[in-house]
Amino acid sequence: MALLALLASHSVSLAAEQVPAALQVAILVKVLVYDRTIATRARDGLRLAVVFDPERADSKAARDEFTKAFNETPRKIGDRNVIELVELAQSKLEGEAASLDIVYIADGADVAK
């Protein structure tokens, strides 16, 4: 069974109230470490999609911040790097959902139907 964690950073009126992308990534990695079945499920790696709206500058900026923080953070589960990051336009989420293990919804993306 695929692990599906929906992490969304909802827009708020003040940027100071938003959780920094580096902290979001750190929390995500720590949560995955506590999942005792992750070693078995992540044998072939986990796919993390950053879903964003390509038509909104704020959504692309949120995607870029999360991706930068992800690439700068050690993301080992056990003794291996097992998380692959993919950037995904919100219009493609439905078609790709089955191949994803973790979905991060960037600010400004609207995936509700």
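Residues numbered from 1 in each chain as written. Predicted model: local features only at pLDDT ≥ 70, side-chain atom pairs only at ≥ 80, totals over all residues. Heavy atoms only, no water.

Undergrad: What is the right way to read the overall build of the chain from this model?
TA: Within the chain, the secondary structure is distributed over four helices and six strands. In the chain, the succession of α and β elements from N to C terminus is β-α-α-β-α-β-β-β-α-β. In the chain, buried positions account for 38% of the 113 residues. The long-range share in the chain, meaning contacts at least 24 apart out of those at least 6 apart in sequence, stands at 75%. Put simply, the chain shows about 7200 Å² of open surface, and 55% of that area lies on carbon and sulfur atoms. (Helix = DSSP H or I, 4+ residues; strand = E, 2+ residues; numbered from the N terminus. Buried < 20%, exposed > 50% of the residue type's maximum accessible area, 1.4 Å probe, protein only. Contact = heavy atoms within 4.5 Å. Areas by Shrake-Rupley, 256 points an atom, 1.4 Å probe, with all protein chains shown as cover.)

Undergrad: Explain a nonpolar patch on the surface here, please?
TA: There is a patch of nonpolar side chains on the surface, built from Val19, Leu23, Ile27 and Val31 and spanning about 340 Å² of accessible area. Note on placement: Val31 falls in helix α1 (residues 21-34). (Patch = residues over 30% accessible without salt bridge, like charges linked within 9 Å, V, L, I, M, F, W, Y side chains within 5 Å. Salt bridge = Lys/Arg side-chain N within 4 Å of Asp/Glu carboxyl O.)

Undergrad: Can you walk me through helix α3 (residues 57-72) in this structure?
TA: Each full turn of the α-helix corresponds to 3.6 residues, which orients residues three or four apart in the same direction. An ideal rise of 1.5 Å per residue puts 22 Å on 16 residues; α3 measures up with 22 Å between its terminal C-alpha atoms. Every buried residue of α3 is listed here: Ser59, Ala62, Arg63, Phe66, Thr67, Ala69 and Phe70. Down the axis of α3, the sector holding all buried residues measures 165°, keeping them to one side. Facing away from the buried side of α3, by more than 90 degrees, are the exposed residues Ala57, Glu65, Lys68 and Glu72. (Expected span 1.5 Å × (residues − 1). Arc of directions from axis to C-beta.)

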